[in-house]
Every structure is written in structure tokens, then in C-alpha cells.
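So you can see what is in the structure, the chains are spelled out below.
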Amino acid sequence: MRDAMKELGSDPDKINPLVPVDLVIDHSVQADVVRSENALQANMDIEFQRNRERFAFLRWGATAFRNMLVVPPGSGIVHQVNLEYLGRVVFNSDGVLYPDSLVGTDSHTTMIDGLGVAGWGVGGIEAEAAMLGQPMSMVLPGVVGFRMSGKLREGVTATDLVLTVTQMLRDHGVVGKFVEFYGSGMASLSLADRATIANMSPEYGATMGFFPVDHMTLQYLKLTGRSEETITMIEEYLRANKMFVDYNEPQEERVYSSYLGLDLADVEPCVSGPKRPNDRVALNDMKADWHACLDNKHGFKGFAVPKQEQDKVATFTFHGLPAELKHGSVVIAAITSCTNTSNPSVMLGAGLVAKKACELGLEVKPWIKTSLAPGSGAVTKYLHKSGLQTYLNQQGFHLVGYGCTTCIGNSGDLDESVASAITDNDIVAAAVLSGNRNFEGRVHPQTRANYLASPPLVVAYALAGTVDIDFEKEPIGIGKDGKGVYLKDIWPSNEEIAEVVQSSVLPEMFKSTYEAITQGNPIWNQLSVPSSNLYAWDPNSTYIHQPPYFKGMSVDPPGPHGVKDAYCLLNFGDSITTDHISPAGSIHKDSPAAKYLMERGVQRKDFNSYGSRRGNDQVMARGTFANIRIINKLLNGEVSPKTIHIPTGEKLYVYDAAMRYKSAGHDTIVIAGAEYGSGSSRDWAAKGPMLLGVKAVIAKSFERIHRSNLVGMGIIPLCFKPGEDAEALGLTGHERYTIDLPQRISDIRPGQDLTVTTDSGKSFTCTLRFDTEVELAYFDHGGILPYVIRNLSK
């Protein structure tokens, strides 16, 4: 941006955040070390070796911008750091009190809503503009009231509750809405349980899932080391402003846009999968559901495995040991992600399961890649104090880092023998993780089935070695006494969990963890960074590259653009996620991104991930639509990161097809179904298509953040009319599309109808999804960032 302002003839030193900014590096560890006592240090060494350029760039930013604090790598997951340390609940600015609020560049920013802080995720594009002083605008949302009553039954975890809530709210339809939880059931719901539910807001589609401040909030603030003076100030301020909920007082009926209710006693143990977080499966139904998935055609609940292939056994040798895999065999078991690792009851519950399993003589198969990646250092402290980390270690759940690992696709490679057994025998292998995302191709390229589960269930499935099991009727394994051991034999009671939480989770653990959070570590502190205000771009870097967004930028805005005779680059069905559009995980060896890196001397072992290389637009543009599990209707249902170049009929990687269209001067569009852009608030899912030359996306519906990101990059979002989609309109995607827009921005209205015409003679009406006048202004400038730069340059 400084370069852009300099190009426009303005003073780049005008760029400074207007408010203090705490930048937490969401430390995504590449968990390559399995069952190793030194896994944490080994992974940190790998992380700094691979990402030194990225980290140096961030350290430079902390010196080039005023009021910017960078929390170093290895400190934990941003959302858990927000919850345990940075969240104020009520701000005190020189004696002026006001409620805390938060926007973050990850969709799971919503975790803070469990603390009574209004917060939600925005795209990185929008956040960059906000840091430069641009106000944020949104359409006033509807508010869904979710009444909770009763108490959770024995053996039911917060994870079971959140997966149930996720399914209910996704079915209800809450995209773009706020959800507020209330009712008598809240009185017994711990802050950690609430944060688990709030964290999953993106999975049920809401802008946020909010829990008002009450006595549980105050207890948590005390637990995590906030001062008594601060807690008293928070309570007095919120009570005075009628924003504090006291369950000892009569409760007023609130008015909401719509209502849902759940008796907590009705929640049962469950998992979600194999491909979406809202596809909940009751634990007792899991075996039957798994076999149905094998039978079903390819889809969210299907793998289309022929009957005669379903009992296949792949035998192999693992480090000299005989081993075998079947459909449903677990090859990755990970306790990871901000969602659950903030919750002591499920983390200590996992430790108790591991302890009981060790005592009965059960152990996890050595070829299963197990890992433990908490969201903060406080987790390690209470696992050690309880003595349960020892048993987790015995079962292979060693600490691999503090960050987003398997949940974001950073589990590292499987052992070569395991990977070969899966590939050579076309095995539908499984991963079980305590994360919040299990979209296709996200967790690992070789685990086609991915299930979300509570940390204790992650340990249980690792011990069983398969998802093809009925825990009620079948033993997990054979104990040292030769008898079958069932899930009930190793599952801790609620009382056992409560006792160990009470004795092991202490305020000083949080205090000591966060007192040192800004001190960093020796490798971080020794990073050499330039002191200049303008960043010195290295043209040979494959990590940090000067982006082209401001290249050739004029002083005056270019004005609105329509689309003329555009080709369809891709034609999608429903639930295309930002992971499909812009994967964050591993870079496939045959992909355009891999080719680019190899041409620059990068060896395959050093490819790293798309997430780690997001500072290089050349890599990320090539990684756009590169998910290996993507289904494009132009390929007649084939699962492939390729498309058809319509003029020639050639099957090409999406990047190669897009570049061919661009070089010929052709516009392109994307056609999609419902919930386009669900999942992470990944700005590259909009930046990438823009760099590929995509001018518009026509979908049945958009997820909130992704639609906003498309607008921010100057891409036109259009919605089919209710009851219509490409199939209903008889569109194949082989047509050429024209979208006429008025040439003056003043002649365009938010939400107006537009006619799309095709060269086949078909035309149809769509709704223009610029939702506010401010978004129209962004479009007039070619995107939000050019808009901000031009305003700063005045």
C-alpha cells in the first residue's frame, strides 16, 4: 500500500492504524513429527526454517506501523489468545467505559462471543481497510433467539452439544444473522462450553453466536487472571446498562426475528462427517451410517465404493511390523483446533480416556498419526499438573505445537508405507479430529473421510483404529487380561472430569502463560528485519511477492464494469467452500503451483503449504481452484482440479485455462449452487479468482464473508432468483454470458435485478448482491483497497 500511494504521488507515511492493533500470528504448525518427545521443538525448528521470510515480514510490519503489537509464533491460536488474554469485555479508555467488540481475519473470531464480546470474522481485505481507517458497513441482521433449557446428561460433552447446535442452526438457516443464546440452561453452561458453541458460528452460518455476560463470564475472567478491580468494573458497568444477565432475577421475554429451542438433556454423543461439519451422526448410528456412505454415490455422504470392494484388506509392512488397512481405517487422530482445546473438560476428559486405556492394556496402532496441538500454553500446564499428559504421550498424543495443525491441513505427510497402502488399494481412509472443519481435501489429501469429534472420542477412535465400529456393541480392543474392552470401560464420568478440572485448572497457569506472551522465543527475537518504512521486495522470494493489485492504478476510479461474452470457467453445485476455491493445505506435486516452485529451484520437500505461501500471489493464483476433491460440472462430475477450456475443448488445470482466456482477452465467470464460499473467511478465495480474470460469480446463495470478499476485489456477485439455478434454467456452462451494468455508479442500486443474456438465446434475471451503497462505491473504484488508497491520497 505504501508503494501504491507513492505511485499516486502521495505521502506513504500517512498510512497508520488509527487504533491499537494486536496482531496474533495464527501459528499453523506443520506437524511432521509423530510420537516424539521433542515434537514441539522439532516442529518449531521446521516452522522457522520454512517461514523465516514470512515472520521477518511481520516483524518489519511491527516497526513500520504505529500502534501495532505482534504476538509471536508459538503463543497459541489467535482465538484462544483473544478469549484468555486480549478480550476486555468492557473497555476503559481514560475513564470512558464502553463494550468491547472485535473483528478478526478468521471466521472463528466468533469464539469471543462466548465471553459476551460482540465479534465476528471479516475477510482480510476488509480488515486491511479497517486498519487504515475505513468504517465497516453491513445490513442490519436478523437475530435468532436460541433458548437452552435443562442440563447435559452423563457422558455427553460440549462437543456433542456444539455439533447438535450446528446441525439445528444450519437447517434453520442463519446465514448473515446473529444468534443469541438464552434460557435457564445457560446457568449450568460453562464459559468454555459457550466458547465452543460460539467458535462454530461459521459452521452453522451465522455472523455470530452470542452469549450475554452473566456470573459464568465473571468466574471465567477470574480463572484466566483478570484483576478483581477489572471484574468489578465490568459487572457494575453492564448491570447499570441492563446488559448483565442474572439468573437469580426474573427473566424478561426477549423479541427475536425467529426462535429455536433445545433441551440439553436431549443431546447425545455424536460426531460429524465425513465431509461437512453440519452432517451430524449419533454415535450409536455411526457404523450403519458409515456403510451407507460407502454405498452412496459420490457426494457429501457418499463414496460410491462397489459392494464387492467394501471388505477389501490392504496388508503392508510398517517399520518391520505387519499392518493392514480397510475402508474406514483411522490413519490420522488429532486433538487440535481452537474449538475444543479451549475447553478443560474435554481436554482433561481425553487424558482420562488415555489413562484408563493404558491401565487396561490398550494402545494405539503405531501407523496412526496422532498429535496434540492445544490452542494455548495453559492447556499444557493443566495436563501436566493432572498427570494426564503422561498417558496421552503413551498413546502417541505428544505435544506437536500450539496452533492450527490438522484442522487446517497441516498434519504433514503420512508414513510412506501407509500412503502407498491407501493409494495402491484405493482405500477410503479416515481422519478423526477435534476440529471444526472437515471439508474434502482440507485435512489431508489421503483421508477421504474426515470426522469431527470430541477430544475423548478422538482418543477412542485412535484406539479402535477404525470408524467402522459400533461402540455400544463392539469392543475397542482386547485388554491385557484377554477380555474385550468397550468404550464404557474407558469413558470417564462427569464427576471424575469435574474433580480433575477443579484441582488442575488454576488462575496462575493463565497468568504465567500470558505474562511471557510478548517475549517471543530466541529464534523470533533474532530475526533480522529492515528498519525502512517501505518494504524491500525480493524478486527471487517464493514466499513474499509484491502483489499486483495497485499496478497501473489511476488517480480517478475506473467506474463500474459489466461482463461481455464471458466464458464459464467453472460450473459448481452446492456447498463449494473457500477450501475448494483456495486450499490452505499441501501443494500437490503435479499442480501449477508445484511447477512454479520447481522452476525456481524449490524441492518438493520444501513446498510447504498454500497457507504458508499466501504472501506470494504467483503461488496463490496458481493454487486457486486447485483442491483435488473439487467437482466441476464441466467435467461431468469428475473429481479433479481441472476444467474444460471451452473454445478448444481441452481439459486443463484451472489456472492454465484461466490464463489462456486472459491472454485472448476473454472475461470469465463462475456458476455455483447454494452456500457458495462457506467455510473460512479466506481472502485468497476472492483474490485468487480476481487474478484469474473472473469478473462475476452467479450462485444460488453466498456465505456472508465470501460475498463481501468478492465485492472487495471488484468481482460482481449475483444470485439466481428463488427456485432457479443453472440446471433449472437449462444452462450447461458452455454458453457465453453477458451482464449489462449501467456505466455510472449512481445508476446502480443495491439488490437490483439484472438480466443475464447468453449466446444460446437464453436469458434470466438475477439479483445483484451489492448490499449497501458503500459496496457500490468499492465497486466503482475496482475494489475496497483501491478505494481506501485513493481516499488516503487526497
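Data block above holds the structure.
A quick note: this is a predicted structure, and the numbers were derived from the prediction, not measured. (Residues numbered from 1 in each chain as written. Predicted model: local features only at pLDDT ≥ 70, side-chain atom pairs only at ≥ 80, totals over all residues. Heavy atoms only, no water.)

Draft legend 1. Spotlight on the overall build of the protein. For the protein, the count of helices and strands is 28 helices and 29 strands. In terms of overall dimensions, the protein is globule-like: its C-alpha atoms have a radius of gyration of 26 Å, near the 28 Å expected for 794 residues. Along the three orthogonal principal directions, the C-alpha set of the protein runs to about 75 × 70 × 55 Å. Counting only contacts in the protein whose residues sit at least 6 apart along the sequence, the fraction spanning at least 24 positions is 74%. A total accessible area of about 30600 Å² is found for the protein, and carbon and sulfur atoms account for 49% of it. Of note, the protein has its 74 positive side-chain charges centred 3 Å away from the centre of its 90 negative side-chain charges. (Helix = DSSP H or I, 4+ residues; strand = E, 2+ residues; numbered from the N terminus. Rg over C-alpha atoms; globule rule 2.2 N^0.38 Å. Contact = heavy atoms within 4.5 Å. Areas by Shrake-Rupley, 256 points an atom, 1.4 Å probe, with all protein chains shown as cover. Lys, Arg positive; Asp, Glu negative; His and termini not counted. Charge placed at Lys NZ, Arg CZ, Asp CG, Glu CD.)

Draft legend 2. Representation of the sheet that holds strand β24 (residues 668-671) in the model. In space, the 7 strands of this closed barrel follow the order β21-β24-β25-β26-β29-β28-β27, with mixed pairing throughout. The sheet shows a mean angle of 40° between the axes of neighbouring strands, direction not considered. Where helix α24 (residues 654-663) meets the sheet, its contacts fall on β21 (563-571) and β24, and the angle it forms with β21 comes to roughly 170°. (Pairing = 2+ DSSP bridges. Axes fitted to C-alpha atoms, helices over the stretch in contact; angles between N-to-C directions.)

Draft legend 3. Structural context of the packing of aromatic side chains. One pass over the structure, following the stated rule, counts 26 aromatic pairs. A ring pair is formed by Tyr256 and Tyr259, whose centres lie 5.7 Å apart and whose planes are at 80°; its orientation type is edge-to-face. Measuring from ring centre to ring centre gives 6.3 Å for Phe318 and Trp367, while their planes differ by 70°; the resulting arrangement is edge-to-face. Here Phe318, found in strand β13 (residues 313-318), pairs with Trp367, found in the loop between α12 (344-360) and β16 (369-372); they are 49 residues apart in sequence, far enough to count as distant. As far as the burial class goes, Phe318 and Trp367 line up, both buried. Ring pairing ties together the aromatic residues Phe57, Trp60, Phe65, Tyr535 and Trp537, which thus form one cluster. (Phe/Tyr/Trp six-rings, centres within 6.5 Å; stacked < 30°, edge-to-face > 60°. Buried < 20%, exposed > 50% of the residue type's maximum accessible area, 1.4 Å probe, protein only.)

Draft legend 4. View of the state of the cysteines. Within the structure shown, the criterion is met by 0 disulfides. The thiol of Cys404 is not disulfide-bonded; the next cysteine sulfur, from Cys338, is found 5.7 Å away. Since its relative accessible area comes to 13%, Cys404 is described here as buried. Here Cys719 stays free of any disulfide, with the sulfur of Cys766 as its closest cysteine sulfur at 8.0 Å. (Disulfide = S-S within 2.5 Å.)

Draft legend 5. Up close: the sheet that holds strand β8 (residues 178-182). A sheet is described by the order of its strands in space; here 4 strands give the open sequence β9-β8-β7-β10, paired in parallel fashion. The sheet terminates laterally at β9 (208-210) and β10 (258-263), the two strands that pair on one side only. Strand after strand, the sheet turns through a mean of 20° between neighbouring axes, direction not considered. Inspection of the sheet shows strand β7 (residues 143-149) paired to β10 by 6 bridges, in the parallel sense. Bridged to Met148 within β10 is Leu262. Relative to the sheet, helix α5 (residues 158-172) contacts β7, β8 and β10, its axis offset from that of β10 by approximately 155°.

Draft legend 6. Structural context of unusual backbone geometry. Pro274 follows Gly273 through a cis peptide bond whose omega is 10°. A positive phi is found at Ala304, a non-glycine position, where the angle reads about 55°. Of note, Ala304 is situated in the loop between α10 (286-295) and β13. Of note, His319 is a non-glycine position whose phi angle comes to about 50°, a positive value. Along the chain, His319 turns up in the loop between β13 and β14 (321-326).

Draft legend 7. Representation of helix α18 (residues 494-504). Along α18, the residues that are buried comprise Ile497, Val500 and Ser504. With its buried residues spanning 70° around the axis, α18 presents them on a single face. Exposed residues lying more than 90 degrees from the buried face of α18 are Glu495, Glu499 and Gln502. Check the buried side of α18 and you find it contacts α12, α13 (377-386) and α19 (507-515). (Arc of directions from axis to C-beta.)

Draft legend 8. Local environment of the pattern of salt bridges. Applying the stated criterion to the full structure yields 35 salt bridges. For Glu775, the salt bridge identified is with Arg707, shortest N-O distance 2.8 Å. A residue pair is termed long-range when its members are at least 10 positions apart, and Glu775 in helix α27 (residues 773-780) and Arg707 in helix α26 (residues 704-712) qualify at 68 residues. You'll find Glu775 and Arg707 in the same group, each marked buried. Here the salt bridges do not stand alone but share partners, grouping Glu235, Arg239, Asp246 and Glu249 into one network. (Salt bridge = Lys/Arg side-chain N within 4 Å of Asp/Glu carboxyl O.)

Draft legend 9. Seen up close, α5. If you check α5, its first and last C-alpha atoms are 21 Å apart, about what 15 residues at 1.5 Å a residue would give, namely 21 Å. When you tally the buried positions in α5, you get 11 out of 15 residues, the bulk of the element. Every buried residue of α5 is listed here: Ala158, Thr159, Asp160, Leu161, Val162, Leu163, Thr164, Val165, Thr166, Leu169 and Arg170. Phi turns positive, to about 90°, at Gly173, one or two residues after α5. (Expected span 1.5 Å × (residues − 1).)

Draft legend 10. Local environment of the environment of Asn571. Following the sequence through the fold, Asn571 ends up in strand β21. Sequence separation between Asn571 and His734 is 163 residues, and the spatial gap between their C-alpha atoms is 9.4 Å. Ignoring sequence-local partners within four residues, the contact set of Asn571 consists of Ile631, Asn632, Lys633, Leu634, Ile671, Ala726, Thr732 and Gly733. A polar contact of 3.3 Å, which involves the side chain of Asn571, links it to the backbone oxygen of Thr732. (Polar contact = N/O pair within 3.5 Å; in protein donor to acceptor, adjacent residues only side chain to side chain.)

Draft legend 11. Seen up close, the environment of Pro492. Residue placement: Pro492 occurs in the loop between α17 (487-490) and α18. The sequence separation of Pro492 and Tyr567 amounts to 75 residues, and the corresponding C-alpha distance is 58 Å. Beyond its immediate sequence surroundings of up to four residues, Pro492 is in contact with Glu154, Gly349, Leu352, Val353, Lys356 and Ile497.

Draft legend 12. Structural context of the environment of Phe210. Mapped onto the fold, Phe210 is located in strand β9. Counting along the chain gives 90 residues from Phe210 to Trp120, while the straight-line C-alpha distance between them is 10.0 Å. In this view, Phe210 contacts Asp113, Gly116, Val117, Ala118, Val179, Glu180 and Phe181; residues no more than four positions away in its chain are not counted.

Draft legend 13. The pairing of strand β4 (residues 96-99), seen in detail. As paired elements, strand β3 (residues 90-93) and β4 share 4 bridges and run antiparallel to each other. Across the sheet, the residue bridging to Asn92 is Leu97, located in β4.

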